[in-house]
Amino acid sequence: MGLILLAHWMAYYTGIGANMKRMIDTETFLAQCRERLNAGETVPLVVTGGSMTPFLVHKRDAVLLSKIDAPVRRGDIILYTRAPGLLILHRACHIKPEGVYFAGDAQTRLEGPVAQERMVARAVAANRKGKQIAPGSFWWEFFRGFWRWVRPARPFFMGAYGKVHALAGHKHEQHRKQ
């Protein structure tokens, strides 16, 4: 399932930082988000779901959303609607006349075409592992470019990523026991 892929009866975490988190239903979030974006504000959103791993991790990381005021480009992270009550935050992979095709960073299959009117906001920054990053930073550009380019090989890379994390976690646990 996708990042921010929750049914209307579930909730979203909003805000960056433990003191700012609150849960609201999807329709309320979408209405408030659009209102703030139209007023020229940005909207923070904590990531839920695993489809944007390894760039953005479930409930650890957050994005800062802004109004889409320029054409969507390949590699942009866009919040869009899939169905009533369903919001998705994925990366634009292909731009075609009929719409944009998206995939999460942990996915190989494309979703689309998604029409412009279904696109809500663009991620303009992220809080990743507690650090602010933005377009132009190494990790942002790595996932915008190289990671998007190797989409068919992602299962291999994700398997290696999982093994490294499991090994690192195991070593960390052994170190803590000593």
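Please refer to the structure higher up on the page.
Residues numbered from 1 in each chain as written. Predicted model: local features only at pLDDT ≥ 70, side-chain atom pairs only at ≥ 80, totals over all residues. Heavy atoms only, no water.

**A look at the packing of aromatic side chains**
Stage number 1. One pass over the structure, following the stated rule, counts 12 aromatic pairs.
Stage number 2. Between Trp139 and Phe142, the ring centres sit 5.5 Å apart and the planes meet at 80 degrees, which makes this aromatic pair edge-to-face. Placement of both Trp139 and Phe142 in helix α2 (residues 138-144) is noted, with a separation of three residues, approximately one turn of the helix.
Stage number 3. Taking the relative accessible area as the measure of exposure, Trp139 reaches 40% and is therefore partly exposed.
Stage number 4. A centroid spacing of 5.2 Å and a plane angle of 35 degrees characterise the contact between Phe142 and Phe146, whose relative ring orientation is tilted.
Stage number 5. Classification of Phe142 by relative accessible area gives partly exposed; the value is 23%.
Stage number 6. Relative accessible area serves as the criterion here: at 35%, Phe146 is assigned to the partly exposed category.
Stage number 7. Through a chain of ring-to-ring contacts, the aromatic side chains of Phe55, Phe138, Trp139, Trp140, Phe142, Phe143, Phe146, Trp147 and Trp149 assemble into a single cluster.
Stage number 8. The ring of Trp139 has Arg128 lying over it, and the distance from NZ or CZ to the ring centre is 5.2 Å. (Phe/Tyr/Trp six-rings, centres within 6.5 Å; stacked < 30°, edge-to-face > 60°. Helix = DSSP H or I, 4+ residues; strand = E, 2+ residues; numbered from the N terminus. Buried < 20%, exposed > 50% of the residue type's maximum accessible area, 1.4 Å probe, protein only. Lys NZ or Arg CZ within 6 Å of the ring centre and 35° of its normal.)

**So, the pattern of salt bridges**
Stage number 1. Taken as a whole and assessed by the stated rule, the structure comprises seven salt bridges.
Stage number 2. In this structure, Asp76 engages Arg144 in a salt bridge whose closest nitrogen and oxygen atoms are separated by 3.1 Å. With a gap of 68 residues between them, Asp76 in the loop between β4 (62-66) and β5 (77-83) and Arg144 in helix α2 connect regions that are remote in the sequence. Assigned by exposure class, Asp76 and Arg144 land together as buried.
Stage number 3. Here Glu141 ties to Arg144 by a salt bridge, and the two come within 3.4 Å at their closest N and O atoms. On the criterion of helical spacing, the pair formed by Glu141 and Arg144 is a turn pair, its members being three residues apart in helix α2.
Stage number 4. Judged by relative accessible area, Glu141 falls into the partly exposed class, the value being 33%.
Stage number 5. Taken together, the salt bridges that share partners define one network made up of Asp76, Arg122, Glu141 and Arg144. (Salt bridge = Lys/Arg side-chain N within 4 Å of Asp/Glu carboxyl O.)

**Topic: unusual backbone geometry**
Stage number 1. Following Thr53, the chain continues into Pro54 via a peptide bond in cis, with omega recorded as 10 degrees.
Stage number 2. Residue placement: Pro54 occurs in the loop between β3 (43-46) and β4.
Stage number 3. Look at the link from Gly112 to Pro113: it is a cis peptide, with omega at 5 degrees.
Stage number 4. Position of Pro113 among the secondary structure elements: in strand β8 (residues 111-114).
Stage number 5. Here Lys129, not a glycine, exhibits a phi torsion of approximately 55 degrees, which is positive.
Stage number 6. Residue placement: Lys129 occurs in the loop between β9 (119-128) and β10 (131-133).

So far we have only geometry, and geometry alone does not tell us how the molecule works.
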